[in-house]
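Residues per chain, in single letters:
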Amino acid sequence: MPEETERTDLPEAMAELAEDFHAVSQPERLQLLLELSRELPALPERYDGSLDTMERVDECQSPLFLAVEVEDDPEHTVRLFFDAPPEAPTTRGFAGILHESLDGLSARQVLEVPDDAPYRFGLAEAVSPLRMRGMVGMLGRIKRQVRLRDDARTAEAGQESA
Amino acid sequence: MSTSTSDKIEAYAHPERLVTTAWLAEHLDDEDVVVLESDEDVLLYDTGHVPGARKLDWHTDLNDPLTRDYVDGERFAQVMSERGIARDTTVVIYGDKSNWWAAYALWVMTLFGHEDVRLLDGGRAKWVEEGRELTTDVPEVTPADYPVVDRDDSAVRAFKADVLDHLGSPLVDVRSPGEYSGELLHMPDYPQEGAMRGGHIPGAASVPWARAANEDGTFRSREELEALYLEEQGLSASDDVVAYCRIGERSSHTWFVLTHLLGFEKVRNYDGSWTEWGNSVGVPVER
């Protein structure tokens with residue numbers, strides 16, 4: 001397993017964010033996580049009242065809903081949408097890290113993110129290892145959905161050219 | 001200090017253990033009172049808290065980082081001191097999730113024999129719902145002298161061996177019905193926490209913790225609690241009772257109800273709970 005400070009295998013935005021976390025003290029890391037929880041974008045209107053069409057992330061202590069879209073462009077750009085209540089700032093913060101790190105990347109880049117990436121932010125000590133499971137669960141589900149949607153896109157493209 | 005807060009609270013066996021939001025609002029500047037927020041979510045305090053309240057995290061402050069156990073007397077004294085708490089300070093604890101983690105913190109403080117520790121009835125949600133003041137200002141705390149006291153696990157804590165000896169005596173399983181029956185290996189809406197077996201400890205009665213709480217998170221009246229635990233469940237205040245859940249937080253809530261609201265003399269919280277029992281080799285399980 002790579003060192004916690006190993007960042008060469010992370011996408012650029014994620015590596016930069018991990019570096020920001022490591023540059024500050026433990027209490028400041030919590031503040032940074034709080035900022036990310038506040039910056040988590042609200043759901044676009046088309047998801048209003050349709051939480052049932054989103055995937056529920058059970059690994060989070062508080063309810064979090066996730067939607068993944070893969071665009072029809074050559075890169076198969078990934079778009080991520082999250083919904084979690086304001087009373088769950090840690091869950092929102094984890095979602096914020098993943099949004100900032102992964103939204104707008106290509107499907108291939110998202111699929112190449114290592115599964116232990118959530119542990120590269122130096123947060124396990126600040127929030128306790130038990131709570132880190134939430135972010136691991138989110139990343140796992142994002143990758144699974146990207147894989148599904150990306151396969152579907154590739155199949156469509158194959159049919160069109162046939 | 002006056003503990004009279006409401007007729008509802010006065011009716012409990014130990015009314016000095018519970019305060020109303022109105023009482024707390026009046027005592028925020030009281031030098032003998034320290035307010036602690038203890039939440040499941042480690043960042044919730046930082047989004048805004050009761051003015052002057054200090055943060056106490058169940059995981060990073062009260063649990064030993066290596067052994068699955070609580071901190072020792074030395075570390076506990078440090079945690080208290082850093083929050084300006086002396087041995088004779090009145091401590092009022094509130095938190096999210098119907099006070100689960102507040103009750104858990106109160107129970108841990110009881111292991112160290114801190115005398116005057118109380119819960120805020122209704123917890124964080126009630127304070128917020130009433131539109132009372134919240135601040136993100138973290139108070140500047142002058143550390144207090146807190147003595148190093150040995151933790152005493154004998155009175156209110158049960159270990160697995162104690163529970164094995166206790167089989168046949170009153171056991172209260174406070175988890176959800178699905179966890180009790182063994183259909184679920186974890187709380188509904190919560191992560192799978194890896195129990196190898198589902199079910200309950202033989203002889204345990206299923207009394208989900210939430211039955212002791214109103215919709216707004218406040219405790220039910222003494223009359224309602226007696227109807228539940230004494231009449232329906234047939235328990236009596238002189239019974240030797242062990243309560244458990246998944247990791248000991250929801251059962252702290254029930255421990256508080258039986259001990260302080262109904263005046264039971266001997267209630268122990270089995271904090272190993274299902275994450276220990278459901279993974280232990282050779283212990284009996286009932287479905």
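Residues numbered from 1 in each chain as written. Chains lettered and ligands numbered in written order. Predicted model: local features only at pLDDT ≥ 70, side-chain atom pairs only at ≥ 80, totals over all residues. Heavy atoms only, no water.

A. Just the sheet that holds strand 8 (residues 240-244) of chain B, in detail. Residue and element names in this part refer to chain B. Here four strands make up an open sheet; going across it, the order is 7-6-8-9 and the pairing parallel. Every other strand in the sheet has two partners, leaving strand 7 (205-206) and strand 9 (266-270) as the edge strands with one partner each. Across the face of the sheet, helix 9 (residues 250-261) comes into contact with strand 8 and strand 9 while running at roughly 175° to strand 9. (Pairing = 2+ DSSP bridges. Helix = DSSP H or I, 4+ residues; strand = E, 2+ residues; numbered from the N terminus. Contact = heavy atoms within 4.5 Å. Axes fitted to C-alpha atoms, helices over the stretch in contact; angles between N-to-C directions.)

B. The arrangement of unusual backbone geometry in detail. In this structure, A:His76 is a non-glycine residue whose phi angle is positive, near 55°. Within the element layout of this structure, A:His76 appears in the loop between strand 2 (65-70) and strand 3 (78-83). Notably, B:Ser98 is not glycine yet its phi reads approximately 55°, a positive angle. The topology assignment puts B:Ser98 in the loop between strand 4 (90-94) and helix 4 (100-111). On the basis of relative accessible area, B:Ser98 is assigned to the partly exposed category, the value being 25%. (Buried < 20%, exposed > 50% of the residue type's maximum accessible area, 1.4 Å probe, protein only.)

C. Inspection of helix 2 (residues 26-39) of chain A at higher detail. A rise of 1.5 Å per residue sets the reference length of helix 2 of chain A, with its 14 residues, at 20 Å; its end C-alpha atoms lie 20 Å apart and thus fit the reference within 8%. For helix 2 of chain A, the secondary structure elements touched by its buried residues are helix 1 (12-22), helix 3 (89-102) and helix 5 (124-127) of chain A together with strand 3 (54-55) of chain B. (Expected span 1.5 Å × (residues − 1).)

D. Structural detail: the packing of aromatic side chains. All names here are of chain B. Under the definition given, this model contains 14 aromatic pairs over all chains. Between tryptophan 58 and tyrosine 104 the ring centres are 6.1 Å apart and the planes differ by 90°, which places this aromatic pair in the edge-to-face class. In this pair, tryptophan 58 is assigned in the loop between strand 3 and helix 3 (73-82) and tyrosine 104 in helix 4, connecting sequence segments 46 residues apart. For tyrosine 104, a relative accessible area of 3% puts it in the buried group. Judged by centre distance (5.4 Å) and plane angle (25°), the ring pair of phenylalanine 219 and phenylalanine 256 falls under stacked. Here phenylalanine 219 is found in the loop between strand 7 and helix 8 (222-232), whereas its partner phenylalanine 256 is found in helix 9, with 37 residues between them in sequence. The pair phenylalanine 219 / phenylalanine 256 is uniform in exposure class, with both members buried. Feature note: the residues Trp58, Tyr70, Trp101, Tyr104 and Trp107 constitute an aromatic cluster, connected by ring pairs. Positioned above the aromatic ring of tryptophan 127 is the side chain of arginine 132, whose terminal nitrogen or guanidinium carbon lies 5.6 Å from the ring centre. (Phe/Tyr/Trp six-rings, centres within 6.5 Å; stacked < 30°, edge-to-face > 60°. Lys NZ or Arg CZ within 6 Å of the ring centre and 35° of its normal.)

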